[in-house]
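# Observations on the model geometry
Each chain, written out:
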Amino acid sequence: EGEEELVLDAAAKTGLADLLTVIVPRHPQRFDEVASLLQSRGIAFKRRSENPQMAENVQALLGDSMGEMFAYLAACDVVFVGGSLLPYGGQNLLEACAMGKPVLIGPHTYNFAESADLAVRAGAAMRVADANQLARAIQSLFANEKKRQAMGEAGRTFIARHQGATQKILHLIRF
């Protein structure tokens, strides 16, 4: 809550005319609130629940559906992981890394501190301090397809390197 405004500010500051911002609120009770925010800002948007035809003028898609995060991730070019610009602790960035997407995170990732730090060190994620840096990072990534691809590949490699914990623990338990 409150972070959508910052993300929308960042999207507007990018100056990218064809940017489609997809906002997926964590909690269903916030769907209508975010729709009202988009309307109040005059942002042309569609709700996923309406199975919309995407017109050229649509600037945002409101992900007001459950169980479709992987579809949203698969369709995107860059992921900003929410709950991290404000001191909420961040959401899980591992799915986006596994999907080979370049990931942007804010400074507040204490819920996933180790994963976030390791992803940044691996080149799979980039940390931004605020909405202004988020806008610049989005501009930079959309201006450089090779960098987007490199971050995505670094994400896949990062996930592959850290898989297998369950098997390792089962092996230890057996012996």
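What comes next concerns the included structure. (Residues numbered from 1 in each chain as written. Predicted model: local features only at pLDDT ≥ 70, side-chain atom pairs only at ≥ 80, totals over all residues. Heavy atoms only, no water.)

### Notes on the pattern of salt bridges
- Tallying each qualifying case throughout the model produces 8 salt bridges.
- A salt bridge links Glu68 to Arg48, with the nearest nitrogen and oxygen atoms 3.0 Å apart. Residue Glu68 is located in the loop between strand 3 (60-62) and helix 3 (69-75), and its partner Arg48 is located in the loop between strand 2 (45-47) and strand 3; the two are separated by 20 residues in the primary sequence.
- One network of salt bridges, with partners in common, ties together Glu4, Arg30 and Glu33. (Salt bridge = Lys/Arg side-chain N within 4 Å of Asp/Glu carboxyl O. Helix = DSSP H or I, 4+ residues; strand = E, 2+ residues; numbered from the N terminus.)

### Concerning the sheet that holds strand 4 (residues 79-81)
- Taken together, the 3 strands give an open sheet; going across it, the order is 4-5-6, and neighbouring strands pair in parallel fashion. With partners counted over all chains shown, the strands left at the sheet margins are strand 4 and strand 6 (125-127), one partner each. Taken over all neighbouring pairs, the strand axes of this sheet differ in orientation by 25 degrees on average, direction set aside.
- Pairing analysis gives 3 bridges linking strand 5 (residues 103-105) to strand 6, with the strands arranged parallel. By the bridge assignment, Val103 is partnered in strand 6 with Ala125.
- Helix 5 (residues 113-122) contacts strand 5 and strand 6 of the sheet and is inclined by roughly 105 degrees relative to strand 6. (Pairing = 2+ DSSP bridges. Axes fitted to C-alpha atoms, helices over the stretch in contact; angles between N-to-C directions. Contact = heavy atoms within 4.5 Å.)

### Concerning the sheet that holds strand 3
- Strand order in the open sheet made by the 3 strands is 1-3-2, with parallel pairing throughout. The open sheet is flanked by strand 1 (21-23) and strand 2, the only strands paired with a single partner. Taken over all neighbouring pairs, the strand axes of this sheet differ in orientation by 20 degrees on average, direction set aside.
- Pairing between strand 1 and strand 3: 3 bridges, direction parallel. Note that in strand 3 the partner of Ile23 across the bridge is Leu62.
- Docked against the sheet, helix 2 (residues 31-40) engages strand 1, strand 2 and strand 3, running at close to 165 degrees with respect to strand 2.

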